[in-house]
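Analysis of the macromolecular model
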Amino acid sequence: MKIYKDIITGDEMFSDTYKIKLVDEVMYEVYGKLIQRKQGDVQIDGANPSAEEADEGTETTVESGVDIVLNHRLTECFAFGDKKSYTLYLKDYMKKLVEKLQERDPEQVDVFKNNINKYMKDVLGRFKDLQFFTGESMDVDGMVAMVEYRDIDGDSVPVCMFFKHGLEEEKF
């Protein structure tokens, strides 16, 4: 399994357990689903709760949301009230990414610069439909992921968008 972490904050953003599509060599679109679960309940495929873990009649809290957001402890960010404030953040973040790319993989700088503007122009045209999420540290100096709901085969599917060049892969 691979975990994708923000190269600036070190926050875990998502894993390869979801359907992932790389768009224009710059953006990962990760397809999630809306779920409900008991708060703190970790559900692993094939696991069987033992009889010892039977409900003792205590109150349980149910959390619901996008599985990627819940599983990776992403936090909704309300810092961007309008497209202008998000665009200011984006310019600053892109500058940081280019600096990191210069250090890590200079050949990718041109790929990033040539493709990101086209992708973001399209996404910013749908700004009012987006939600924004930071990693667990809630540090907006790092990556702020975008989530939008798309109609796929008649279902509303949450699609989380992460900047490819702002992530590092960690194998588990």
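The name given to the protein in an unreviewed UniProt entry is Translationally-controlled tumor protein homolog, with the source organism recorded as Thrips palmi. Taken from UniProt, the Sequence similarities (unreviewed entry) comment for the protein reads in full: "Belongs to the TCTP family." The UniProt entry for the protein carries this comment under Function (unreviewed entry): "Involved in calcium binding and microtubule stabilization."

1. Focus on the nonpolar core
If you look at the biggest cluster of nonpolar residues, it comprises 45 residues, and the most contacted ones within it are Tyr86, Met120, Met146, Phe162 and Phe163. Elements represented by at least two residues in this core include exactly strand S2 (12-15), strand S4 (27-31), helix H1 (67-71), helix H2 (83-104), helix H3 (107-124), strand S8 (131-134), strand S9 (145-152) and strand S10 (155-163). It is H2 that provides the largest number of residues to this core, a total of eight residues. Leaving out residues up to four positions away in the same chain, Phe162 has contacts with Met13, Phe14, Val26, Met27, Tyr28, Val30, Ile68, Leu74, Met143, Ala145 and Leu167.

2. Quick notes on the environment of Lys33
Within the fold, Lys33 resides in the loop between S4 and strand S5 (34-38). C-alpha separation for the pair Lys33 and Val69, spaced 36 residues apart in sequence, amounts to 9.9 Å. Sequence-distant contacts of Lys33, that is, excluding residues within four places in its chain, are made with Gly65, Val66, Asp67 and Pro158.

3. A short note on H2
The terminal C-alpha atoms of H2, which comprises 22 residues, lie 30 Å apart, in line with the 32 Å expected from a rise of 1.5 Å per residue. Every buried residue of H2 is accounted for by Tyr86, Tyr89, Leu90, Tyr93, Met94, Leu97, Val98 and Leu101. Against the buried residues of H2 lie H3, S8, S9 and S10.

Reading the values: the criteria
Residues numbered from 1 in each chain as written. Predicted model: local features only at pLDDT ≥ 70, side-chain atom pairs only at ≥ 80, totals over all residues. Heavy atoms only, no water. UniProt positions renumbered as here; feature names shortened; annotations may be inferred. Core = buried A, V, L, I, M, F, W, Y, C linked by side-chain atoms within 4.5 Å. Buried < 20%, exposed > 50% of the residue type's maximum accessible area, 1.4 Å probe, protein only. Helix = DSSP H or I, 4+ residues; strand = E, 2+ residues; numbered from the N terminus. Contact = heavy atoms within 4.5 Å. Expected span 1.5 Å × (residues − 1).

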